[in-house]
Amino acid sequence: MEKLLLCFLAFLSLPSAFSAIDMSKKAFVFPKESDDSFVRLISQQKQPLKAFTVCLYVYSDLPRGYSIFSYNTRTQDNEILLFKEKTGEYSISVGGTDILFKYPGNSAPLHMCITWESVSGIVELWVDGKPMVRKSLKRGYSVGWEANIVLGQEQDSFGGNFNKEQCLVGEIGDVNMWDFVLSPGEIRSVYSGESFSPNVLSWRALAYEMYGEVFTKPRLWP
């Protein structure tokens with residue numbers, strides 16, 4: 001009987017045990033500063049990543065830096081990280097190495113896409129369907145797949161060690177992730193509302209857990 005119970009509990013701990021929810025037209029709202037409010041996303045990724053694309057909307061008027069998308073493995077902090085550094089600057093990290101992009105935008109809801117490929121190390125940042133100048137980091141690297149993916153906080157260890165001075169106060173939505181680099185035309189189409197069947201994380205079939213003071217509300221952007 002004890003063995004059956006252990007097997008059942010182990011089953012519940014698997015990503016497939018989480019129900020996928022259609023989050024279309026919705027957003028996660030983080031209404032106040034904290035070190036314990038976040039959303040954990042559950043992906044079906046089962047192998048290292050040689051390339052990826054992450055797209056999402058973010059809306060915040062914070063003047064300080066904050067985490068937008070945090071992907072950690074047990075062996076590597078900031079395996080993938082999108083972080084707002086200060087007004088007009090965003091950093092993208094792959095394998096713990098980061099690079100800065102300048103975007104002289106405002107606090108209106110921003111649609112952001114980041115891409116990276118191992119073969120060239122090329123990393124891209126797109127904002128509202130427009131590309132920033134391409135840069136390069138971690139050529140030849142493989143991103144680990146046993147990941148903890150967090151919205152609203154930056155992980156300084158696997159799944160935790162949050163700092164409220166790095167948390168998001170605002171909203172995030174339309175989070176999608178692919179295990180390949182979308183073409184420029186595809187990224188512009190995603191910005192226009194198409195999905196291109198994301199195969200790592202899909203906003204239209206999202207498995208997630210919410211912790212602390214986080215809410216799902218109708219999104220504020222079109």
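Residues numbered from 1 in each chain as written. Predicted model: local features only at pLDDT ≥ 70, side-chain atom pairs only at ≥ 80, totals over all residues. Heavy atoms only, no water.

Details of the nonpolar core
At step 1: Formed by 48 residues in total, the largest nonpolar core has its most connected members in Phe-28, Leu-41, Phe-52, Phe-69, Met-112 and Met-177.
At step 2: When neighbours within four sequence positions are excluded, Phe-69 is seen to be in contact with Val-54, Leu-56, Ile-80, Leu-81, Leu-82, Ile-149, Val-150, Leu-151, Val-175, Met-177 and Leu-201.
At step 3: Residues Cys-113, Trp-126, Trp-178 and Val-190 belong to the second largest nonpolar core, which totals 7 residues. (Core = buried A, V, L, I, M, F, W, Y, C linked by side-chain atoms within 4.5 Å. Buried < 20%, exposed > 50% of the residue type's maximum accessible area, 1.4 Å probe, protein only. Contact = heavy atoms within 4.5 Å.)

What about unusual backbone geometry?
At step 1: Notably, Asp-128 is not glycine yet its phi reads approximately 50 degrees, a positive angle.
At step 2: Here Asp-128 shows up in the loop between β9 (122-127) and β10 (130-131).
At step 3: Here the phi dihedral of Ser-197 falls at roughly 45 degrees; this positive angle occurs in a residue that is not glycine.
At step 4: Counting through the fold element by element, Ser-197 comes out in the loop between α2 (184-191) and β14 (207-211).
At step 5: A residue is classified by how much of its surface remains accessible, and Ser-197, at 61% relative accessible area, is exposed. (Helix = DSSP H or I, 4+ residues; strand = E, 2+ residues; numbered from the N terminus.)

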